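Summary of the model geometry
Chain by chain, the residues:
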Amino acid sequence: MYAVVKTGGKQYKVAVGEKLKVEQIPADIDSQIVLEEVLMVVDGDQVSVGAPLVSGAKVQATVVSHGRGEKVRIFKMRRRKHYQKHQGHRQNYTEIRIDAISK
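Residues numbered from 1 in each chain as written. Predicted model: local features only at pLDDT ≥ 70, side-chain atom pairs only at ≥ 80, totals over all residues. Heavy atoms only, no water.

Applicable threshold: UniProt positions are given in the numbering used here, feature names are shortened, and annotations may be inferred rather than shown by experiment.
Under an unreviewed UniProt entry, the name given to the protein is Large ribosomal subunit protein bL21, and the source organism is Vogesella facilis. Database annotation for the protein, UniProt heading Sequence similarities (unreviewed entry): "Belongs to the bacterial ribosomal protein bL21 family."

Some remarks on the sheet that holds strand β2 (residues 10–15)
What counts here: In this analysis, strands are considered paired if DSSP registers two or more bridges between them. Secondary structure counts use DSSP, requiring at least four H or I residues in a row for a helix and at least two E residues in a row for a strand, with both numbered from the N terminus. A fitted line through C-alpha atoms serves as each axis, taken over the contacting stretch for helices, and the angle formed by two N-to-C directions is quoted from 0 to 180°.
Strand order in the open sheet formed by four strands is β2-β1-β5-β6, and the pairing between neighbours is antiparallel. The sheet is open, and its two edges are formed by β2 and β6 (46–49), each paired on a single side. Strand after strand, the sheet turns through a mean of 15° between neighbouring axes, direction not considered. The pairing of strand β1 (residues 2–7) with β2 spans six bridges and is antiparallel. Residue pairing for β2: V4 is matched across the bridge by K13.

Describing the environment of V4
Cut-off, in case you're wondering: Residue burial is assigned from relative accessible area. The probe radius is 1.4 Å, only protein chains are included, and a residue is buried under 20% of its type maximum, exposed over 50%, and partly exposed in between. Note on contacts: a residue pair is in contact if any heavy atoms of the two residues lie within 4.5 Å.
Mapped onto the secondary structure, V4 falls in strand β1. For V4, a relative accessible area of 15% corresponds to the buried category. In this structure, the C-alpha to C-alpha distance between V4 and V59, residues 55 residues apart in sequence, is 9.5 Å. When residues no more than four places from it in sequence are discounted, the contact partners of V4 are Q11, Y12, K13, E37, V38, L39 and M40.

A short note on the pairing of strand β5 (residues 38–43)
With four bridges joining them, β1 and β5 adopt antiparallel strand pairing. Bridge pairing in β5 links V4 to M40. Taking the residues that link successive antiparallel strands as the turn, the β5-β6 hairpin has two residues, and the phi of G44 there is positive, at about 70°.

Written out as structure tokens, the structure reads:
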């Protein structure tokens, strides 16, 4: 059984027991969260596709940790103009563990 959920503007395929990193969620570590934007639920041969959301479907998860991703380096340059700009960015994330998928 798996589901497709939407959080942080992105869509993730999730199954019970797996961990994934999503955009930062304001929740404490070891707290339970509920993802209610479920786009699709697959249970064996039964496929439930929402328009756009599956009504009554929820995904329960536990917050495992918070952190920051790898640094992305940005380098901008204009040739022959003596312009160079260096920047860096680290995106915050929340790691969650999927506990249950309910239809």
